[in-house]
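Observations on chain architecture
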Amino acid sequence: MFSFFKKKPAPAATAPAPDRAPEAPTAPAAPGVPVPAPSAPPAAPTATPAAAEPVTAAAPTEAPAPAPAERAGWLGRLRQGLARTGASIAQVFTGTRIDEALYEELEAALLMADTGVRATEHLLEDLKRRVRDRKPQSPAEVRALLADALTDLLAPLQRPLEVGAHQPTVMMVVGVNGAGKTTSIGKLTRHLADARQRVLLAAADTFRAAAREQLAVWADRNQVQIVSQEGGDPAAVTYDAVVAGKARGVDVVIADTAGRLPTQLHLMEELKKIRRTITKAEPSAPHEVLLVVDGNTGQNALAQVKAFDDALQLTGVIVTKLDGTAKGGVLAAIARERPVPVYFIGVGEKLEDLQTFDAREFAHALLD
């Protein structure tokens, strides 16, 4: 689910060779070989020779993937969640002829699914090219070609969330009210904790008491630390959390911010202030700026991605509430007009209903 970096420790000072070699905790991993994520940074050696190599970062390694049965269950829920979007598109391919009428009906269905004009035009042009090259004999075969075209369009959005290149990795999470921001933080925290990452939460939504309480519940449930102040300045809370995270040696700091509309310019300016304050606490941070959007909002989700990206330079998106939506085509619009990586998508309230985004899985769940 996540991509981790594991640091190679500097070699410790060597004593005269004894009769048997001392036990080593763990042999260094070869670059590119999957290894478990570290639960804590390597301990500093007691002595280091003068010519010791500096600590360097090894190649990214993947955390254990979900079990096949778990992923299969997730795909079933994803298909069910996208059924309303896919049903209108699937009706286009129930006929027997491949003609201009089919393309016109497909165009209307894609637009109704909130795919957007630019993404719809791109998909139709790509599909017609594939039809000319492959010469399918039935509309069902055309639908398979559409799935391939959609997969290629969505591919730039598929990227793993990297954790471990910085100590700590600082994430700033933003979004409008009701998008599922705090719940997504709780689920993300659980996944990180399961991967043996030490997490500290910052309750920077100081305007809504329920938000602090909700985040505190997730912190208690996941047994992670939290920094919270009643009525405090959001930027100050975030600053304190980053400083505390560095002092306590945690792996990840996640800052929850107050929900706001991108049209509320004074509140967007406050988000910019929080971002600047994080940088004061840690010059390389924030390492991730994540936007949580409600998949049911269709083209409005694309507008949110553009507005928040312009203001904060987003690094990733989490799309929630795709269960039962008729507007699942918005991911194609995001891919065509503002291809910010989609780290996770959600189709329900349960922890396992938030999973990593896979372009091919999504395309086939939508169209099969």
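Anything mentioned here points back to the structure above.
Let us look at the structure shown here.

Here we take up the environment of Ile185. With respect to the element layout, Ile185 can be found in helix 6 (residues 181–194). You can call Ile185 buried: its relative accessible area is 1%. Once the C-alpha coordinates of Ile185 and Asp256 are considered, the two residues, 71 residues apart in sequence, prove to be 7.5 Å apart. Not counting the four nearest positions on each side in its chain, Ile185 is found in contact with Val173, Leu201, Leu215, Ile254 and Asp256.

In this section: the packing of helix 4 (residues 117–134) against helix 11 (residues 330–337). Closest axis-to-axis distance for the helix 4/helix 11 pair is 8 Å, and the angle between their directions is 90°. Between helix 4 and helix 11, the angle falls in the class roughly perpendicular. On helix 11, the residues touching Arg118, Ala119 and His122 of helix 4 are Ala332, Ala333, Arg336 and Glu337. Residues of the contact of helix 4 with helix 11, tallied by class, amount to 3 nonpolar, 1 polar and 3 charged.

Looking now at the packing of aromatic side chains. A complete count under the given rule lists 1 aromatic pair for this structure. The ring of Tyr103 has Lys128 sitting right over it, with the charged end atom 5.1 Å from the ring centre. The lysine or arginine in question, Arg221, covers the ring of Trp218, its NZ or CZ lying 4.5 Å from the ring centre.

On to helix 5 (residues 139–154), then. In a regular helix each residue adds 1.5 Å, so 16 residues correspond to 22 Å; helix 5 covers 22 Å between its end C-alpha atoms and thus fits that length. Of the positions making up helix 5, those classed as buried are Pro139, Val142, Leu145, Leu146, Ala147, Ala149, Leu150, Thr151, Leu153 and Leu154. For helix 5, the secondary structure elements touched by its buried residues are helix 2 (83–90), helix 3 (100–112), helix 4, helix 11 and helix 12 (359–367).

A cis amide bond, omega -5°, links Gln167 with the succeeding residue Pro168. Within the fold, Pro168 resides in the loop between strand 5 (161–163) and strand 6 (169–175). Across the junction of Ala285 and Pro286, the peptide omega takes the value -5°, indicating a cis bond. Examined against the element boundaries, Pro286 turns out to sit in the loop between helix 9 (265–281) and strand 10 (288–294). Look at Lys135: it is not a glycine, yet its phi comes out positive at around 55°. Within the secondary structure, Lys135 sits in the loop between helix 4 and helix 5. For Arg196, which is not a glycine, the phi torsion comes out positive at approximately 65°. You can see Arg196 is positioned in the loop between helix 6 and strand 7 (199–203).

The rules behind these values
Residues numbered from 1 in each chain as written. Predicted model: local features only at pLDDT ≥ 70, side-chain atom pairs only at ≥ 80, totals over all residues. Heavy atoms only, no water. Helix = DSSP H or I, 4+ residues; strand = E, 2+ residues; numbered from the N terminus. Buried < 20%, exposed > 50% of the residue type's maximum accessible area, 1.4 Å probe, protein only. Contact = heavy atoms within 4.5 Å. Axes fitted to C-alpha atoms, helices over the stretch in contact; angles between N-to-C directions. Parallel < 35°, antiparallel > 145°, perpendicular 65-115°, else oblique. Nonpolar A, V, L, I, M, F, W, Y, C, P; charged D, E, K, R; others polar. Phe/Tyr/Trp six-rings, centres within 6.5 Å; stacked < 30°, edge-to-face > 60°. Lys NZ or Arg CZ within 6 Å of the ring centre and 35° of its normal. Expected span 1.5 Å × (residues − 1).

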